[in-house]
Amino acid sequence: MRIILDIILVAGNGVCVKLPGQISQRLAASGIRLTKQREQVLGVLMQKPDHPTATEVFLRTKKHVSSISLGTVYNCLEALVATGLVKQVNLDRAPTRYCANLMEHSHFFCERCGSVHDVSITMGSGWELPPGFRVSHADVNLRGTCPKCSE
Ligand SMILES: [Zn+2]
Ligand SMILES: [Zn+2]
């Protein structure tokens, strides 16, 4: 199995929200209102954590809100990403996917079937950092084959 690690260490005061109870605080702090449509889009993302693309989010949201447009879904996703409630998952040569898992985690990308999985990470472990470096946020993508494709 081949695993490539793409590591991006983001310095700064990235706040990590761990509990859904903190969602409202997060929204208030960001000055973004959770409109009905944004709530729907967030609900769709939380319902099935398989990292859908914007188009997939659109198709799923459309089942609940038939009048919603792809443009609106894009706007909702953008606003949710700005609040930090939703993360963008960017993998090379693939459309952006969206993730509403607020726990600190990494993404495992299956190179055969293209599925994306959440894997938990332990902050600051496993990396040999020179003295003086402090990790505030880790964005790590793992690549390889998922259990289904490894058979
Ligand atoms: Zn995720
Ligand atoms: Zn797979």
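Residues numbered from 1 in each chain as written. Chains lettered and ligands numbered in written order. Predicted model: local features only at pLDDT ≥ 70, side-chain atom pairs only at ≥ 80, totals over all residues.

Draft legend 1. Region of interest: unusual backbone geometry. In this structure, His51 is a non-glycine residue whose phi angle is positive, near 60 degrees. In this structure, His51 sits in the loop between α2 (36-47) and α3 (54-64). The class of His51 is buried, set by 22 C-beta atoms lying within 10 Å. (Helix = DSSP H or I, 4+ residues; strand = E, 2+ residues; numbered from the N terminus. Buried ≥ 20, exposed ≤ 12 C-beta atoms within 10 Å, placed from the backbone.)

Draft legend 2. The nonpolar core, seen in detail. The biggest cluster of nonpolar side chains holds 15 residues, and the ones touching the most others in it are Val41, Leu45, Val57, Leu77, Leu80 and Val86. Secondary-structure elements contributing two or more residues to this core are α2, α3 and α4 (70-83). Looking at which element gives the most residues to this core, the answer is α4, with five residues. Sequence-distant contacts of Val86, defined by excluding residues within four places in its chain, comprise Leu42, Leu45, Leu77, Leu80, Val81, Tyr98, Cys99 and Ala100. (Core = buried A, V, L, I, M, F, W, Y, C linked by C-beta atoms within 7 Å. Contact = placed C-beta atoms within 7 Å.)

Draft legend 3. Quick look at the packing of α3 against α4. Taken N-terminus to C-terminus, the directions of α3 and α4 make an angle of 115 degrees; their axes are 9 Å apart at the nearest point. Judged by the inter-axis angle, α3 sits roughly perpendicular to α4. Handedness of the α3/α4 crossing: right-handed. Taken together, the residues of α4 that come into contact with α3 (itself represented by Ala54, Val57, Phe58 and Thr61) are Leu70, Val73, Tyr74 and Leu77. Taken together, the residues of the contact of α3 with α4 sort by class into seven nonpolar, one polar and no charged. (Axes fitted to C-alpha atoms, helices over the stretch in contact; angles between N-to-C directions. Parallel < 35°, antiparallel > 145°, perpendicular 65-115°, else oblique. Left-handed = near helix turned anticlockwise from the far one by under 90°. Nonpolar A, V, L, I, M, F, W, Y, C, P; charged D, E, K, R; others polar.)

Draft legend 4. Looking closely at the pairing of strand β5 (residues 116-120). Direction of pairing for strand β4 (residues 105-110) relative to β5: antiparallel, over a ladder of five bridges. Bridge pairing in β5 links Phe109 to Val116. In this structure, the hairpin formed by β4 and β5 is closed by a connection of five residues, where Gly114 is found at a positive phi of approximately 80 degrees. (Pairing = 2+ DSSP bridges.)

Draft legend 5. Here's a closer look at the pairing of β4. Examined bridge by bridge, β4 and strand β6 (residues 138-144) share four bridges and lie parallel to one another. From the neighbouring strand, Cys110 faces β6, where its bridge partner is Gly144.

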